[in-house]
Amino acid sequence: MTETDLRTHAEDIYEQFSDQLDISVEEITERLETLVNEYKVPTSEARRSVINTYLDEAGMDRDDIMGGGNERKVVSDVDRAEEWIDLKAKVVDLWEARSDAVAQVGLLGDETGTIKFTKWSKSDLPTLEEGKVYELRNVVTDEYQGRYSVKLNRTTTIEELDEELEVGDDEVAIEGALVDIQSGSGLIKRCPEEGCTHVLQNGRCPEHGEPEEDGEFDLRIKGVIDDGNQVHEVIFNREMTESLTGITLEKAQEMAMDALDTSVVAEEMHDRVLGRYYTVTGPTLGRYVLANEVEEPGMPDHEAVLIKARSI
Amino acid sequence: MATTPTRKVARRVFAREFNDATYTFKESDDDRAPLYVLLPTGERANRIFVVGTLTETEDVGQDSEYWQGRIVGPNGGTFFTYAGQYQPDAASMLRELEPPEYVALVGKPRTYETDDGDINVSVRPESITAVDEAVRNRWVVETAERTLERIEAFENGSSEYIQMAKSEYDHPIDTYREQAIEALESLDSQPEATAD
């Protein structure tokens, strides 16, 4: 960030406050320089911080000034990490926070799609409620393995809006052969600890160790759908696994009981579904597609392919 | 951005082309680097998915069980697959299945040089399952489509693997197109496809 850029920002800020406060462009530039050069704060955040200081001094609200904020974005526009943005979004889903440092974690959505959000405990922000629409100012974007999220932080402002927001459909539909069923599929046990959804491995939860009570049985398939060009990892929950394999949780438990071994369930599932074609629709989460619907696709039009084959 | 090892796609290829894919290579010196065969239509394959008719199984092992399976496609080409003690599930499938039967096979291409200096290409199975005719017909159409896509790319494009195929092989590409046509035409002779 060059001195000139900072000075341009300072001039903008000066414009906004020169009527209310006795300040100079030099003074503002100095404040920005301290934040950017000494404290390595991103320029947008430095600008924000300086504006906040002057807002306080002038006894004004952020709404009183124009153009001092961040770029307003829609969810699908988020394509870079470490950008400070404003979002209007609905809380689509709240998940269990895995760490004390996180106050809330879940999914925000607008017309263009959904994005994960994290709200830090130390930011001391009001609690977001599922299904409500909020104006979120000054959230920062983040990226992990190609997936974007937003973080709500100490400087974020949250305003509940009394309006509806249609959340866009970011579901994907994939079609291909089920070429693998990964370990951790079949009849599994989940940690019995309240609110914990971890799968027990050799009777142990990665978070709670060996639970005192018995784990809870569940069905799941982590599978791979492959169409010869692309590979998708898909998670089938209990309901989807039951409809895919025709094996209910009850039946699976019986099978495991008879065999004194839970792995017979996964083996039977292999035989029933591996190597078959499926169409799966559902939202994506990280690298997984969460199956909401599973169908066996109809026969493709081989005549059309034949015509193409003869024409090239 | 962190790069995580990603699962390799299972290519769709008819047996004749697969058996011509005798050139193998790795893309790094790492021992665990994935091994690829080079398909003559200019694509690398670390894994394939095949559906066809299992026509014969035989234990060809000497000291321990080593099962050979022949899987025949709609245009007469044959895939060979071998499963021993390190592929226990696939080996027991080959032991138990009674040919003829439609099977789906997911596996890794492997090559083997015979005493005569010929190179045989086979599949080391990750899984073998019994499937029905609908799955097999779908695979035929899909494999024809993927093969034609590769042929078109081969004729119009110039990817790294197309260049490699052009320098390593001397196979007439049009035979793979003819085999795709033959495979698709074979579907016409089946009762449900002629009813219109």
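Residues numbered from 1 in each chain as written. Chains lettered and ligands numbered in written order. Predicted model: local features only at pLDDT ≥ 70, side-chain atom pairs only at ≥ 80, totals over all residues.

(A) Expanded view of the overall build of chain B. Across its full length, chain B holds six helices and eight strands. What you see in chain B, going N to C, is helices and strands ordered as α-β-β-β-β-β-β-α-β-β-α-α-α-α. Within the span of chain B, comprising 196 residues, buried residues form 43% of the whole. (Helix = DSSP H or I, 4+ residues; strand = E, 2+ residues; numbered from the N terminus. Buried ≥ 20, exposed ≤ 12 C-beta atoms within 10 Å, placed from the backbone.)

(B) Examining the overall build of chain A more closely. Regarding its fold elements, chain A presents seven helices and 15 strands. Residues classed as buried in chain A amount to 29% of the 312 residues present. The contacts of chain A with a sequence gap of at least 6 include a subset with a gap of at least 24, amounting to 55%. (Contact = placed C-beta atoms within 7 Å.)

(C) Region of interest: the pairing of strand β10 (residues 216–226) of chain A. All names here are of chain A. Pairing analysis gives four bridges linking strand β8 (residues 172–181) to β10, with the strands arranged antiparallel. Opposite Asp 180, over in β10, you have Val 224 as the bridge partner. As paired strands, strand β9 (residues 186–190) and β10 are joined by five bridges and run antiparallel to one another. For Ile 188, the partnering residue across the bridge sits in β10 and is Asp 218. The turn linking β10 back onto strand β11 (residues 231–236) is made up of four residues, and Gly 228 within it adopts a positive phi angle of 90°. (Pairing = 2+ DSSP bridges.)

(D) Representation of the packing of helix α5 (residues 249–259) of chain A against helix α6 (residues 263–273) of chain A. Residues and elements named next belong to chain A. Put simply, α5 and α6 touch, their axes get as near as 8 Å, and they point 120° apart. Taken together, the axes of α5 and α6 lie oblique to each other. Here Ala 252, Met 255, Ala 256 and Ala 259 of α5 come into contact with α6, specifically with Val 264, Val 265 and Glu 268. Class assignment for the residues of the contact of α5 with α6 results in six nonpolar, no polar and one charged. (Axes fitted to C-alpha atoms, helices over the stretch in contact; angles between N-to-C directions. Parallel < 35°, antiparallel > 145°, perpendicular 65-115°, else oblique. Nonpolar A, V, L, I, M, F, W, Y, C, P; charged D, E, K, R; others polar.)

(E) Local environment of the sheet that holds strand β2 (residues 35–39) of chain B. Residue and element names in this part refer to chain B. Across the sheet, three strands lie side by side as β1-β2-β3; this open sheet has antiparallel pairing. The open sheet terminates on both sides in strands that have one partner only, identified here as β1 (24–26) and β3 (43–45). The mean angle between the axes of side-by-side strands here comes to 40°, regardless of whether they run parallel or antiparallel. Looking at chain direction, β1 and β2 are connected through three bridges and run antiparallel. For Lys 26, the partnering residue across the bridge sits in β2 and is Leu 35.

(F) A look at the nonpolar core. Counting 78 residues, the largest nonpolar core has Ala 144 and Leu 184 of chain B as the members making the most contacts within it. When residues in this core are grouped by element, the largest group, eight residues, is from helix α3 (residues 133–156) of chain B. Not counting the four nearest positions on each side in its chain, Leu 184 of chain B is found in contact with His 302, Val 305, Leu 306 and Ala 309 of chain A together with Val 140, Val 141 and Ala 144 of chain B. Core analysis: the second largest hydrophobic core is formed by 17 residues, Leu 87, Leu 108, Tyr 134 and Leu 152 of chain A among them. (Core = buried A, V, L, I, M, F, W, Y, C linked by C-beta atoms within 7 Å.)

(G) Structural context of the interface of chain B and chain A. At the interface, 33 residues of chain B touch 26 residues of chain A. Broken down by secondary-structure element, the contributors of at least two residues to the side of chain B that touches chain A are β4 (48–59), β7 (101–113), β8 (119–130), α3 and α5 (174–188) of chain B. When residues in the side of chain B that touches chain A are grouped by element, the largest group, twelve residues, is from α3 of chain B. Here the side of chain B that touches chain A is composed, by residue class, of 19 nonpolar, four polar and ten charged.

(H) Structural context of the pairing of β8 of chain A. Bridge count for β8 of chain A against strand β12 (residues 277–282) of chain A is six bridges, and the pairing is antiparallel. Across the sheet, residue Gly 176 of chain A finds its bridge partner in β12 of chain A, namely Tyr 278 of chain A.

(I) The environment of Arg 154 of chain A, seen in detail. Residue and element names in this part refer to chain A. Tracing the sequence through the fold places Arg 154 in the loop between β6 (147–152) and β7 (157–161). Residue classification places Arg 154 among the exposed positions, given that 10 C-beta atoms sit within 10 Å. In this structure the C-alpha to C-alpha distance between Arg 154 and Lys 119, which are 35 residues apart in sequence, comes to 9.2 Å.

(J) Spatial organisation of the packing of helix α7 (residues 302–311) of chain A against α3 of chain B. For the pair α7 of chain A and α3 of chain B, interaxial distance at closest approach is 10 Å and the crossing angle is 30°. With respect to α3 of chain B, the axis of α7 of chain A lies roughly parallel. When you trace α7 of chain A past α3 of chain B, the crossing you get is left-handed. Where α7 of chain A abuts α3 of chain B, its residues His 302, Val 305, Lys 308 and Ala 309 of chain A lie against Val 141, Ala 144, Glu 145 and Leu 148 of chain B. (Left-handed = near helix turned anticlockwise from the far one by under 90°.)

(K) Molecular detail of the confidence of the model for chain B. Residues of chain B with pLDDT of at least 70 account for 93%, and the chain-wide mean is 92. Complex prediction metrics read pTM 0.70 and ipTM 0.92. (pLDDT = per-residue confidence, 0-100.)

(L) Highlighting unusual backbone geometry. In this structure, the amide linkage connecting Pro 99 of chain B to the following residue, Pro 100 of chain B, adopts the cis form with an omega of 0°. The residue Pro 100 of chain B is located in the loop between α2 (88–96) and β7 in this model. Here Glu 82 of chain A, not a glycine, exhibits a phi torsion of approximately 60°, which is positive. Positionally, Glu 82 of chain A belongs in the loop between β1 (71–72) and β2 (84–95). The exposed category is assigned to Glu 82 of chain A, around which 12 C-beta atoms lie within 10 Å. The phi torsion at Asp 124 of chain A lies on the positive side, around 60°, for a residue other than glycine. Tracing the chain through its elements places Asp 124 of chain A in the loop between β4 (113–120) and β5 (133–144).

(M) Representation of the environment of Gly 184 of chain A within the structure. Residue and element names in this part refer to chain A. Examined against the element boundaries, Gly 184 turns out to sit in the loop between β8 and β9. In sequence terms Gly 184 and Ile 221 are 37 residues apart; their C-alpha atoms lie 7.5 Å from each other. Each residue touching Gly 184, except ones within four places of it in the same chain, is listed here: Val 199 and Lys 222.

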